[in-house]
Amino acid sequence: MPPSHSIELENLAGRSESILMKPGSAVLNSLASILLQLSYTRLRLQSINCIAMADTTNHGWKAYEYYPSMAAAVIFVLLFVVVTLLHTYHLIRTRTWFFIPLVLGGWCMHPSPTLLPCLYIHTYILTCQSNSLDI
Amino acid sequence: MSAKQSPDWTIGPYVMQSTLLLVAPALFAASIYMELGRIVCLVKGQALSLIRVNWMTKIFVAGDVLSFLMQASGAGIMVKGSQSTGKGVILGGLFVQIFFFGFFLLSAVIFQRRIGSRPTAQSVDAYIPWRKHLFALHASSVLILVRSVFRVAEYAGDTDGVLMSSEAFIYIFDGLLMFFVMVIFVVVHPSEVNCLLGKGTYMTVRGGLGVNEMNVPV
(Lines give C-alpha, C1' and ligand atoms only; values in the text may rest on other atoms or scores of the structure.)
Protein backbone atom coordinates (compact mmCIF):
# COMPACT_ATOMS: atom_id res chain seq x y z
CA MET A 1 0.00 0.00 0.00
CA PRO A 2 1.43 3.42 -0.85
CA PRO A 3 2.60 5.16 2.32
CA SER A 4 0.26 8.16 1.91
CA HIS A 5 -2.79 5.93 2.11
CA SER A 6 -1.73 4.23 5.29
CA ILE A 7 -1.12 7.61 6.90
CA GLU A 8 -4.63 8.69 5.91
CA LEU A 9 -6.06 5.58 7.45
CA GLU A 10 -4.25 6.13 10.71
CA ASN A 11 -5.36 9.74 10.89
CA LEU A 12 -8.93 8.74 10.35
CA ALA A 13 -8.71 6.04 12.98
CA GLY A 14 -7.28 8.49 15.52
CA ARG A 15 -9.92 11.11 14.83
CA SER A 16 -12.80 8.70 15.01
CA GLU A 17 -11.56 7.25 18.28
CA SER A 18 -11.69 10.69 19.82
CA ILE A 19 -15.27 11.04 18.57
CA LEU A 20 -16.23 7.74 20.09
CA MET A 21 -14.77 8.58 23.46
CA LYS A 22 -16.62 11.84 23.91
CA PRO A 23 -19.33 11.72 26.49
CA GLY A 24 -22.57 11.57 24.67
CA SER A 25 -25.45 9.36 23.76
CA ALA A 26 -25.16 5.91 22.27
CA VAL A 27 -26.75 7.25 19.11
CA LEU A 28 -23.82 9.54 18.54
CA ASN A 29 -21.44 6.66 19.03
CA SER A 30 -23.21 4.43 16.57
CA LEU A 31 -23.38 7.24 14.03
CA ALA A 32 -19.65 7.78 14.45
CA SER A 33 -18.95 4.10 13.97
CA ILE A 34 -21.08 4.08 10.82
CA LEU A 35 -19.14 7.05 9.50
CA LEU A 36 -15.90 5.30 10.36
CA GLN A 37 -16.94 2.26 8.37
CA LEU A 38 -17.91 4.45 5.45
CA SER A 39 -14.59 6.23 5.47
CA TYR A 40 -12.74 2.93 5.57
CA THR A 41 -14.75 1.78 2.59
CA ARG A 42 -13.92 4.94 0.74
CA LEU A 43 -10.24 4.60 1.38
CA ARG A 44 -10.21 0.97 0.39
CA LEU A 45 -12.06 1.75 -2.81
CA GLN A 46 -9.57 4.48 -3.57
CA SER A 47 -6.63 2.18 -3.07
CA ILE A 48 -8.24 -0.39 -5.35
CA ASN A 49 -8.68 2.30 -7.97
CA CYS A 50 -5.02 3.24 -7.73
CA ILE A 51 -3.86 -0.29 -8.21
CA ALA A 52 -6.37 -0.89 -10.96
CA MET A 53 -5.01 2.05 -12.87
CA ALA A 54 -1.55 0.69 -12.50
CA ASP A 55 -3.06 -2.38 -14.14
CA THR A 56 -4.31 -0.19 -17.01
CA THR A 57 -7.76 -1.64 -16.55
CA ASN A 58 -10.27 0.39 -14.62
CA HIS A 59 -12.70 -2.09 -13.13
CA GLY A 60 -15.40 0.53 -13.33
CA TRP A 61 -15.63 1.37 -9.65
CA LYS A 62 -15.80 5.03 -8.98
CA ALA A 63 -15.08 5.43 -5.35
CA TYR A 64 -16.23 9.00 -4.92
CA GLU A 65 -19.58 8.33 -6.56
CA TYR A 66 -20.15 5.41 -4.29
CA TYR A 67 -19.52 6.95 -0.91
CA PRO A 68 -22.49 9.35 -0.73
CA SER A 69 -25.04 6.82 -1.93
CA MET A 70 -24.32 4.48 0.94
CA ALA A 71 -24.73 7.18 3.56
CA ALA A 72 -27.96 8.27 1.89
CA ALA A 73 -29.20 4.68 1.87
CA VAL A 74 -28.56 4.29 5.59
CA ILE A 75 -30.39 7.51 6.41
CA PHE A 76 -33.22 6.55 4.10
CA VAL A 77 -33.70 3.18 5.77
CA LEU A 78 -33.74 4.81 9.21
CA LEU A 79 -36.36 7.32 8.10
CA PHE A 80 -38.59 4.63 6.70
CA VAL A 81 -38.33 2.45 9.77
CA VAL A 82 -39.39 5.32 12.02
CA VAL A 83 -42.35 6.32 9.87
CA THR A 84 -43.53 2.78 9.37
CA LEU A 85 -43.35 2.07 13.08
CA LEU A 86 -45.45 5.16 13.74
CA HIS A 87 -47.97 4.04 11.17
CA THR A 88 -48.14 0.54 12.59
CA TYR A 89 -48.75 1.92 16.06
CA HIS A 90 -51.55 4.15 14.83
CA LEU A 91 -53.10 1.41 12.77
CA ILE A 92 -53.41 -0.86 15.76
CA ARG A 93 -54.35 1.81 18.25
CA THR A 94 -57.02 3.52 16.19
CA ARG A 95 -58.17 0.35 14.42
CA THR A 96 -58.30 2.04 11.04
CA TRP A 97 -58.12 -1.28 9.29
CA PHE A 98 -58.38 -0.01 5.74
CA PHE A 99 -54.89 1.43 6.12
CA ILE A 100 -53.32 -2.01 6.40
CA PRO A 101 -52.07 -1.91 2.75
CA LEU A 102 -50.22 1.34 3.44
CA VAL A 103 -48.47 -0.14 6.46
CA LEU A 104 -47.55 -3.22 4.45
CA GLY A 105 -46.16 -0.99 1.74
CA GLY A 106 -44.15 0.82 4.35
CA TRP A 107 -42.61 -2.41 5.57
CA CYS A 108 -41.80 -3.32 1.96
CA MET A 109 -39.57 -0.28 1.69
CA HIS A 110 -37.14 -1.60 4.25
CA PRO A 111 -34.36 -2.54 3.95
CA SER A 112 -33.67 -0.48 0.93
CA PRO A 113 -32.13 -2.28 -2.05
CA THR A 114 -29.59 0.47 -2.30
CA LEU A 115 -28.23 -0.89 0.94
CA LEU A 116 -27.96 -4.48 -0.20
CA PRO A 117 -25.70 -3.85 -3.18
CA CYS A 118 -23.67 -1.53 -0.99
CA LEU A 119 -23.16 -4.30 1.50
CA TYR A 120 -22.40 -6.91 -1.11
CA ILE A 121 -19.96 -4.67 -2.93
CA HIS A 122 -18.34 -3.80 0.36
CA THR A 123 -17.74 -7.46 1.05
CA TYR A 124 -16.52 -8.07 -2.49
CA ILE A 125 -14.08 -5.19 -2.27
CA LEU A 126 -12.80 -6.35 1.07
CA THR A 127 -12.14 -9.87 -0.13
CA CYS A 128 -10.65 -8.54 -3.37
CA GLN A 129 -8.44 -6.21 -1.46
CA SER A 130 -6.97 -8.84 0.75
CA ASN A 131 -5.59 -10.52 -2.35
CA SER A 132 -4.57 -7.61 -4.49
CA LEU A 133 -3.01 -5.47 -1.83
CA ASP A 134 -0.26 -7.66 -0.48
CA ILE A 135 2.40 -6.06 -2.60
CA MET B 1 -10.36 -15.93 -4.29
CA SER B 2 -11.70 -14.87 -7.63
CA ALA B 3 -15.04 -13.50 -8.67
CA LYS B 4 -16.12 -16.95 -9.77
CA GLN B 5 -15.73 -18.15 -6.25
CA SER B 6 -18.25 -15.73 -4.80
CA PRO B 7 -21.28 -17.82 -3.89
CA ASP B 8 -24.87 -17.06 -4.78
CA TRP B 9 -24.45 -14.10 -2.52
CA THR B 10 -27.29 -11.67 -2.60
CA ILE B 11 -28.99 -11.91 -5.98
CA GLY B 12 -32.09 -13.65 -4.59
CA PRO B 13 -32.84 -11.28 -1.72
CA TYR B 14 -31.72 -8.34 -3.84
CA VAL B 15 -34.22 -9.13 -6.59
CA MET B 16 -36.96 -9.80 -4.08
CA GLN B 17 -36.27 -6.57 -2.25
CA SER B 18 -36.17 -4.48 -5.39
CA THR B 19 -39.45 -6.03 -6.50
CA LEU B 20 -40.99 -5.11 -3.16
CA LEU B 21 -39.73 -1.59 -3.60
CA LEU B 22 -41.32 -1.50 -7.05
CA VAL B 23 -44.77 -2.63 -5.89
CA ALA B 24 -44.94 -0.83 -2.53
CA PRO B 25 -46.72 2.24 -3.94
CA ALA B 26 -49.42 -0.01 -5.38
CA LEU B 27 -50.15 -0.95 -1.76
CA PHE B 28 -50.17 2.73 -0.78
CA ALA B 29 -52.60 3.30 -3.63
CA ALA B 30 -55.03 0.68 -2.30
CA SER B 31 -55.35 2.49 1.02
CA ILE B 32 -55.60 5.87 -0.63
CA TYR B 33 -58.40 4.72 -2.92
CA MET B 34 -60.34 3.36 0.01
CA GLU B 35 -60.11 6.65 1.83
CA LEU B 36 -61.82 8.71 -0.86
CA GLY B 37 -65.02 6.69 -0.63
CA ARG B 38 -65.06 7.19 3.11
CA ILE B 39 -64.58 10.92 2.83
CA VAL B 40 -67.45 11.14 0.34
CA CYS B 41 -69.66 9.27 2.79
CA LEU B 42 -68.50 11.52 5.60
CA VAL B 43 -69.82 14.69 3.99
CA LYS B 44 -72.84 12.83 2.64
CA GLY B 45 -71.87 13.84 -0.85
CA GLN B 46 -72.77 10.58 -2.53
CA ALA B 47 -74.87 12.35 -5.10
CA LEU B 48 -72.06 14.70 -6.01
CA SER B 49 -69.29 12.26 -6.75
CA LEU B 50 -68.31 11.41 -10.30
CA ILE B 51 -68.81 7.69 -9.84
CA ARG B 52 -71.27 5.97 -7.58
CA VAL B 53 -69.65 5.47 -4.22
CA ASN B 54 -70.40 1.76 -4.12
CA TRP B 55 -68.54 1.25 -7.34
CA MET B 56 -65.80 3.81 -6.73
CA THR B 57 -63.67 1.87 -4.31
CA LYS B 58 -64.17 -1.36 -6.20
CA ILE B 59 -63.13 0.05 -9.56
CA PHE B 60 -60.05 1.79 -8.25
CA VAL B 61 -58.89 -1.06 -6.08
CA ALA B 62 -59.43 -3.51 -8.95
CA GLY B 63 -57.27 -1.35 -11.21
CA ASP B 64 -54.68 -1.12 -8.50
CA VAL B 65 -54.62 -4.88 -7.96
CA LEU B 66 -54.21 -5.32 -11.71
CA SER B 67 -51.25 -2.95 -11.78
CA PHE B 68 -49.73 -4.66 -8.73
CA LEU B 69 -50.00 -8.08 -10.37
CA MET B 70 -48.57 -6.82 -13.61
CA GLN B 71 -45.60 -5.23 -11.91
CA ALA B 72 -44.89 -8.21 -9.71
CA SER B 73 -45.14 -10.71 -12.55
CA GLY B 74 -43.08 -8.45 -14.77
CA ALA B 75 -40.35 -8.45 -12.19
CA GLY B 76 -40.55 -12.23 -12.00
CA ILE B 77 -40.34 -12.53 -15.78
CA MET B 78 -37.32 -10.26 -15.79
CA VAL B 79 -35.52 -12.70 -13.53
CA LYS B 80 -36.65 -16.01 -14.97
CA GLY B 81 -37.42 -15.21 -18.58
CA SER B 82 -36.44 -12.62 -21.11
CA GLN B 83 -35.55 -9.21 -19.83
CA SER B 84 -37.40 -7.30 -22.52
CA THR B 85 -40.71 -9.06 -21.90
CA GLY B 86 -40.42 -8.48 -18.21
CA LYS B 87 -39.66 -4.83 -18.74
CA GLY B 88 -42.65 -4.53 -21.04
CA VAL B 89 -44.99 -6.06 -18.47
CA ILE B 90 -43.62 -3.80 -15.75
CA LEU B 91 -44.08 -0.80 -18.00
CA GLY B 92 -47.66 -1.89 -18.66
CA GLY B 93 -48.31 -2.19 -14.93
CA LEU B 94 -46.85 1.26 -14.34
CA PHE B 95 -49.02 2.74 -17.08
CA VAL B 96 -52.11 1.12 -15.58
CA GLN B 97 -51.14 2.64 -12.24
CA ILE B 98 -50.64 6.07 -13.79
CA PHE B 99 -53.99 5.82 -15.57
CA PHE B 100 -55.93 4.87 -12.46
CA PHE B 101 -54.19 7.44 -10.32
CA GLY B 102 -54.92 10.13 -12.87
CA PHE B 103 -58.54 9.07 -12.89
CA PHE B 104 -58.57 9.05 -9.10
CA LEU B 105 -57.07 12.54 -8.87
CA LEU B 106 -59.65 13.73 -11.37
CA SER B 107 -62.51 12.27 -9.33
CA ALA B 108 -61.21 13.79 -6.13
CA VAL B 109 -60.76 17.24 -7.65
CA ILE B 110 -64.17 17.16 -9.34
CA PHE B 111 -65.78 16.07 -6.10
CA GLN B 112 -64.10 18.90 -4.24
CA ARG B 113 -65.28 21.46 -6.76
CA ARG B 114 -68.82 20.14 -6.74
CA ILE B 115 -69.02 20.19 -2.99
CA GLY B 116 -67.61 23.72 -3.05
CA SER B 117 -70.37 24.89 -5.34
CA ARG B 118 -73.22 22.84 -3.82
CA PRO B 119 -72.25 22.28 -0.20
CA THR B 120 -74.05 19.73 1.89
CA ALA B 121 -74.93 20.34 5.48
CA GLN B 122 -72.03 18.28 6.72
CA SER B 123 -69.47 19.94 4.50
CA VAL B 124 -70.02 23.37 6.02
CA ASP B 125 -70.06 21.95 9.49
CA ALA B 126 -67.02 23.31 11.27
CA TYR B 127 -66.02 20.20 13.11
CA ILE B 128 -65.73 17.94 10.07
CA PRO B 129 -62.25 18.60 8.63
CA TRP B 130 -62.87 16.91 5.31
CA ARG B 131 -60.87 19.45 3.31
CA LYS B 132 -57.70 18.59 5.17
CA HIS B 133 -58.09 14.91 4.37
CA LEU B 134 -58.96 15.59 0.76
CA PHE B 135 -55.83 17.70 0.39
CA ALA B 136 -53.81 14.87 1.85
CA LEU B 137 -55.26 12.62 -0.83
CA HIS B 138 -54.42 15.12 -3.56
CA ALA B 139 -50.85 15.60 -2.37
CA SER B 140 -50.10 11.90 -2.01
CA SER B 141 -51.70 11.12 -5.39
CA VAL B 142 -49.49 13.68 -7.08
CA LEU B 143 -46.40 12.30 -5.35
CA ILE B 144 -47.19 8.74 -6.39
CA LEU B 145 -47.92 9.89 -9.94
CA VAL B 146 -44.54 11.63 -10.14
CA ARG B 147 -42.85 8.54 -8.76
CA SER B 148 -44.57 6.29 -11.32
CA VAL B 149 -43.40 8.58 -14.11
CA PHE B 150 -39.85 8.30 -12.76
CA ARG B 151 -40.13 4.54 -12.79
CA VAL B 152 -41.44 4.58 -16.35
CA ALA B 153 -38.43 6.65 -17.35
CA GLU B 154 -36.15 4.19 -15.61
CA TYR B 155 -37.65 1.09 -17.20
CA ALA B 156 -38.08 2.55 -20.65
CA GLY B 157 -34.46 3.58 -20.85
CA ASP B 158 -31.47 1.34 -21.25
CA THR B 159 -30.63 -0.21 -17.95
CA ASP B 160 -28.56 -3.04 -19.25
CA GLY B 161 -25.28 -1.78 -17.96
CA VAL B 162 -24.36 -1.99 -14.32
CA LEU B 163 -24.77 1.71 -13.62
CA MET B 164 -24.74 1.35 -9.86
CA SER B 165 -24.47 5.02 -9.08
CA SER B 166 -27.38 6.17 -11.20
CA GLU B 167 -29.59 3.28 -10.09
CA ALA B 168 -29.03 4.16 -6.47
CA PHE B 169 -29.91 7.75 -7.27
CA ILE B 170 -33.23 6.78 -8.83
CA TYR B 171 -34.09 4.49 -5.95
CA ILE B 172 -33.44 7.21 -3.44
CA PHE B 173 -35.55 9.69 -5.41
CA ASP B 174 -38.42 7.21 -5.56
CA GLY B 175 -38.02 6.35 -1.90
CA LEU B 176 -37.95 9.97 -0.81
CA LEU B 177 -41.28 10.67 -2.50
CA MET B 178 -42.81 7.61 -0.89
CA PHE B 179 -41.43 8.71 2.46
CA PHE B 180 -43.25 12.01 2.05
CA VAL B 181 -46.46 10.13 1.26
CA MET B 182 -46.15 8.18 4.49
CA VAL B 183 -45.37 11.32 6.47
CA ILE B 184 -48.44 13.03 5.01
CA PHE B 185 -50.59 10.18 6.22
CA VAL B 186 -49.09 10.12 9.67
CA VAL B 187 -49.86 13.79 10.11
CA VAL B 188 -53.30 13.61 8.50
CA HIS B 189 -54.22 10.15 9.64
CA PRO B 190 -57.57 8.82 8.39
CA SER B 191 -58.52 7.60 11.83
CA GLU B 192 -60.29 10.92 12.12
CA VAL B 193 -62.47 10.06 9.14
CA ASN B 194 -63.06 6.67 10.63
CA CYS B 195 -64.15 8.12 13.96
CA LEU B 196 -66.40 10.71 12.43
CA LEU B 197 -68.08 8.02 10.42
CA GLY B 198 -68.80 6.28 13.67
CA LYS B 199 -66.61 3.31 12.90
CA GLY B 200 -63.98 3.90 15.53
CA THR B 201 -63.32 5.61 18.79
CA TYR B 202 -59.67 6.65 18.66
CA MET B 203 -58.07 9.17 16.41
CA THR B 204 -54.58 10.44 15.83
CA VAL B 205 -53.71 13.90 17.02
CA ARG B 206 -50.74 16.20 17.47
CA GLY B 207 -49.27 15.51 14.08
CA GLY B 208 -49.26 11.79 14.55
CA LEU B 209 -47.63 11.72 17.94
CA GLY B 210 -50.64 11.00 20.08
CA VAL B 211 -53.98 9.28 20.18
CA ASN B 212 -57.20 10.75 21.47
CA GLU B 213 -60.50 9.25 22.24
CA MET B 214 -63.33 10.85 20.34
CA ASN B 215 -66.99 10.75 21.23
CA VAL B 216 -68.97 11.47 18.13
CA PRO B 217 -72.18 13.31 18.82
CA VAL B 218 -74.79 11.37 16.92
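Residues numbered from 1 in each chain as written. Chains lettered and ligands numbered in written order. Predicted model: local features only at pLDDT ≥ 70, side-chain atom pairs only at ≥ 80, totals over all residues. Heavy atoms only, no water.

1. Examining the packing of aromatic side chains
All names here are of chain B.
Next up, step 1: Within the structure shown, the criterion is met by 13 aromatic pairs over all chains.
Next up, step 2: When the ring of Phe60 is compared with that of Phe104, the centres are 5.4 Å apart and the planes differ by 85°; the resulting orientation is edge-to-face. Taken together, the residues span a long stretch of sequence, with Phe60 in helix α2 (residues 53-80) and Phe104 in helix α3 (residues 83-117) at a distance of 44 residues. Taken individually, Phe60 and Phe104 each receive the classification buried, so the pair is uniform in this respect.
Next up, step 3: Members of the aromatic cluster, joined through ring pairs, are Tyr33, Phe60, Phe99, Phe100, Phe101, Phe103 and Phe104.
Next up, step 4: A cation over an aromatic ring shows up here: Arg52 above the ring of Trp55, its NZ or CZ 5.1 Å from the ring centre. (Phe/Tyr/Trp six-rings, centres within 6.5 Å; stacked < 30°, edge-to-face > 60°. Helix = DSSP H or I, 4+ residues; strand = E, 2+ residues; numbered from the N terminus. Buried < 20%, exposed > 50% of the residue type's maximum accessible area, 1.4 Å probe, protein only. Lys NZ or Arg CZ within 6 Å of the ring centre and 35° of its normal.)

2. Describing the environment of Val61 of chain B
Residue and element names in this part refer to chain B.
Next up, step 1: Positionally, Val61 belongs in helix α2.
Next up, step 2: Val61 gets classed as partly exposed once you look at its relative accessible area, which sits at 21%.
Next up, step 3: In sequence terms Val61 and Tyr33 are 28 residues apart; their C-alpha atoms lie 6.6 Å from each other.
Next up, step 4: Ignoring sequence-local partners within four residues, the contact set of Val61 consists of Ala30, Tyr33 and Met34. (Contact = heavy atoms within 4.5 Å.)

3. Here we look at the pattern of salt bridges
All names here are of chain B.
Next up, step 1: By the definition in use, this model includes four salt bridges over all chains.
Next up, step 2: Measuring nitrogen to oxygen at the nearest pair gives 3.1 Å for the salt bridge that ties Arg147 to Asp174. With a gap of 27 residues between them, Arg147 in helix α5 (residues 130-156) and Asp174 in helix α6 (residues 164-187) connect regions that are remote in the sequence.
Next up, step 3: With relative accessibility at 0%, the residue Arg147 sits in the buried group.
Next up, step 4: Residues Arg151 and Glu154 are paired through a salt bridge, measuring 3.3 Å at the closest nitrogen-oxygen approach. Of the two residues, Arg151 and Glu154 both sit in helix α5, three residues apart, roughly one turn of that helix.
Next up, step 5: Since its relative accessible area comes to 10%, Glu154 is described here as buried. (Salt bridge = Lys/Arg side-chain N within 4 Å of Asp/Glu carboxyl O.)

4. Digging into α2 of chain B
Next up, step 1: Relative to the 40 Å expected for 28 residues at 1.5 Å per residue, α2 of chain B spans 41 Å between its end C-alpha atoms, a close match to the ideal helical length.
Next up, step 2: Every buried residue of α2 of chain B is listed here: Val53, Met56, Phe60, Gly63, Asp64, Ser67, Gln71, Gly74, Ala75 and Met78 of chain B. (Expected span 1.5 Å × (residues − 1).)

5. Here we look at the side chain of Arg151 of chain B
Next up, step 1: Look at Arg151 of chain B and you get buried, because its relative accessible area is 1%.
Next up, step 2: With near-sequence residues (within four places) excluded, Arg151 of chain B lies in contact with Leu21, Leu22, Leu94, Tyr171 and Asp174 of chain B.

6. Focus: the confidence of the model for chain A
All names here are of chain A.
Next up, step 1: The predicted model of chain A has a mean per-residue pLDDT of 62, with 30% of residues at 70 or higher.
Next up, step 2: When pLDDT is averaged over each helix and strand of chain A, the minimum, 48, is found for helix α1 (residues 3-21) and the maximum, 92, for helix α4 (residues 100-108).
Next up, step 3: Contacts of residues 16-22 to residues separated by more than four positions or lying in other chains number six contacts, the stretch itself having pLDDT below 50.
Next up, step 4: Within the model, pLDDT remains below 50 along residues 45-58, and this stretch shows 18 contacts once partners closer than five positions in the same chain are excluded. (pLDDT = per-residue confidence, 0-100.)

7. Observations concerning the environment of Tyr14 of chain B
All names here are of chain B.
Next up, step 1: Tracing the backbone shows Tyr14 in helix α1 (residues 11-42).
Next up, step 2: Tyr14 sits in the buried class, given a relative accessible area of 18%.
Next up, step 3: When the C-alpha positions of Tyr14 and Ile90 are compared, they lie 17 Å apart, and in sequence the two are 76 residues distant.

8. Looking at unusual backbone geometry
Next up, step 1: Backbone geometry at Arg95 of chain A places phi at a positive 55°, although glycine is not the residue there.
Next up, step 2: Here Arg95 of chain A lies in the loop between α3 (63-94) and α4.
Next up, step 3: Among the residues examined, Arg95 of chain A registers a relative accessible area of 53% and is labelled exposed.
Next up, step 4: In this model, Lys44 of chain B sits at a positive phi of 55°, which is unusual for a non-glycine residue.
Next up, step 5: Along the chain, Lys44 of chain B turns up in the loop between α1 and α2.

9. With respect to the side chain of Asp64 of chain B
Residue and element names in this part refer to chain B.
Next up, step 1: Along the chain, Asp64 turns up in helix α2.
Next up, step 2: Of the side chains with opposite charge, Arg147 lies nearest to the buried Asp64, which makes no salt bridge, at 9.1 Å.
Next up, step 3: Filtering out sequence-adjacent residues up to four positions away, Asp64 remains in contact with Ala26, Ala29, Ala30, Tyr33 and Gln97. (Lys, Arg positive; Asp, Glu negative; His and termini not counted.)

10. Observations concerning the nonpolar core
Residues and elements named next belong to chain B.
Next up, step 1: Leu36, Phe101, Phe104, Leu137, Met178 and Phe185 are the most contacted members of the largest nonpolar core, which has 70 residues in total.
Next up, step 2: No other element matches the 14 residues that α1 contributes to this core.
Next up, step 3: When sequence neighbours within four positions are dropped, the list of residues in contact with Leu137 reads Ile32, Glu35, Leu36, Ile39, Phe104 and Phe185. (Core = buried A, V, L, I, M, F, W, Y, C linked by side-chain atoms within 4.5 Å.)

11. Concerning the confidence of the model for chain B
Residue and element names in this part refer to chain B.
Next up, step 1: Per-residue pLDDT for chain B has a mean of 83; in total, 87% of the residues score no lower than 70.
Next up, step 2: The spread of mean pLDDT over the elements of chain B runs between strand β2 (residues 210-213), the lowest at 73, and α3, the highest at 92.
Next up, step 3: Every residue in residues 1-9 scores below 50 in pLDDT, and together they form four contacts with partners more than four places removed in sequence or on other chains.
Next up, step 4: Prediction confidence for the complex, expressed as pTM and ipTM, is 0.71 and 0.84 respectively.

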